[in-house]
Amino acid sequence: MVRRLRDAAGTHPSVIPLIVVHRHRSERLLGWSETLVGILKEAGLDGPRRVVALRCLLAYVIGVLQLDHLGPLAGPGTSVIADLPEFPLMAETAREARGVDAEAEFDDGLAAILRGMECGHRP
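Note that the structure is a prediction, hence the values are computed from the model and not measured. The numbers attached to residues start from 1 for each chain and follow its sequence in the written order. Reporting in this predicted model follows two pLDDT cut-offs: at least 70 for local features of residues, and 80 or more for side-chain atom pairs to be given and counted; totals over whole chains, interfaces and linings ignore these cut-offs and use all residues. As a convention, hydrogens and water are excluded, and side-chain values are obtained from all of the structure's heavy atoms.

Digging into helix α1 (residues 2-10)
At step 1: Listed in full, the buried residues belonging to α1 are V2, L5, R6 and A9. All buried residues of α1 fall inside an arc of 100° around its axis, so they share one side. Burial classes: relative accessible area under 20% of the type maximum marks a residue as buried, over 50% as exposed, and values in between as partly exposed (1.4 Å probe, protein chains only). Only DSSP runs of H or I with at least four residues qualify as helices, and only runs of E with at least two residues qualify as strands; both kinds are numbered from the N terminus onward. What the arc covers is the set of directions going from the helix axis to the C-beta atoms.

Things to note about the pattern of salt bridges
At step 1: Salt bridges are identified by distance alone: a Lys or Arg side-chain nitrogen within 4 Å of an Asp or Glu carboxyl oxygen. Following the criterion strictly, the structure yields four salt bridges and no others.
At step 2: Among the ionic pairs, R6 bridges to D68, the shortest N-O distance being 4.0 Å. Highlighted residues: R6 in helix α1 and D68 in helix α4 (residues 47-70), separated in sequence by 62 residues.
At step 3: Given a relative accessible area of 27%, D68 falls into the partly exposed group.
At step 4: Where salt bridges share partners, they join R6, D68 and E103 into one cluster.

Topic: the packing of α1 against α4
At step 1: The N-to-C vectors of α1 and α4 enclose an angle of 35°; their axes lie 10 Å apart at closest approach. Read as a crossing pair, α1 and α4 show a hand that is right-handed. Every residue of α4 that contacts α1 at V2, L5, R6, A9 and G10 is listed here: L57, L58, V61, V64, L65, D68 and H69. Inter-axis angles, ranging from 0 to 180 degrees, are taken between N-to-C directions of lines fitted to C-alpha atoms, where helices are fitted over the stretch in contact. In this scheme the handedness of a crossing depends on how the near helix is turned from the far one: anticlockwise by less than a right angle means left-handed, clockwise means right-handed. Residue contacts are counted whenever heavy atoms from the two residues lie within 4.5 Å of one another.

Considerations on the confidence of the model for the protein chain
At step 1: Across the protein chain, pLDDT averages 88, with 96% of residues at or above 70.
At step 2: Note on scores: pLDDT gives the predictor's confidence for each residue, bounded by 0 and 100. Averaged pLDDT values for the elements of the protein chain fall to 83 in helix α2 (residues 16-22) and rise to 95 in helix α6 (residues 88-97).

Description of the packing of aromatic side chains
At step 1: Note on ring pairs: Phe, Tyr and Trp rings are taken, using the six-membered ring of Trp, and paired if centres are within 6.5 Å. Classes follow the plane angle, with under 30 degrees stacked, over 60 edge-to-face and the rest tilted. Tallied over the full model, the rule gives one aromatic pair.
At step 2: Criterion for a charge above a ring: Arg CZ or Lys NZ at most 6 Å from the ring centre, at most 35 degrees from the ring normal. Residue placement shows R6 over the ring face of F106; its charged tip is 4.3 Å from the ring centre.

Let's talk about the packing of helix α3 (residues 27-42) against α4
At step 1: Where α3 contacts α4, the two axes come as close as 10 Å, and the packing angle between them is 130°. It follows that α3 is oblique to α4 by the angle criterion. Of the two elements, α3 crosses α4, and the hand of that crossing is right-handed. Counted together, L29, W32, S33, L36, V37, L40 and K41 of α3 and R50, A53, L54, L57 and L58 of α4 form the full contact between these two elements.
At step 2: Any residue outside Ala, Val, Leu, Ile, Met, Phe, Trp, Tyr, Cys, Pro, Asp, Glu, Lys and Arg is labelled polar, Gly included; the first ten of those are nonpolar and the last four are charged. Partitioned by chemical class, the residues of the contact of α3 with α4 number nine nonpolar, one polar and two charged. When an angle is under 35 degrees it counts as roughly parallel; over 145 it counts as roughly antiparallel; between 65 and 115 it counts as roughly perpendicular; any other value is oblique.

What follows is the structure in structure tokens.
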């Protein structure tokens, strides 16, 4: 479901701020949320854990879409950071980022979030 929202909204970057502002009134987004909540419930998430999981997944996909449209991971900003000697860890990370495509970034980030939801406890 997260991938479906990313694919649908990703083709229309101007809709991203509208998703945030109108998420309580949009029947399409409420339908998406209803389906996602059902999936989370089937996965055993209830109560506050399900609330946090829903918001986390929505925040993740909105954040990814915003970052994708502001500039790709391997874009010019990454190249600038890769050459900054005063921030050696960020420079190293930026050099690594050049080899990460958008699909791998999205899938790996989503997998990390979903693994965290399986833990069932607070850090």
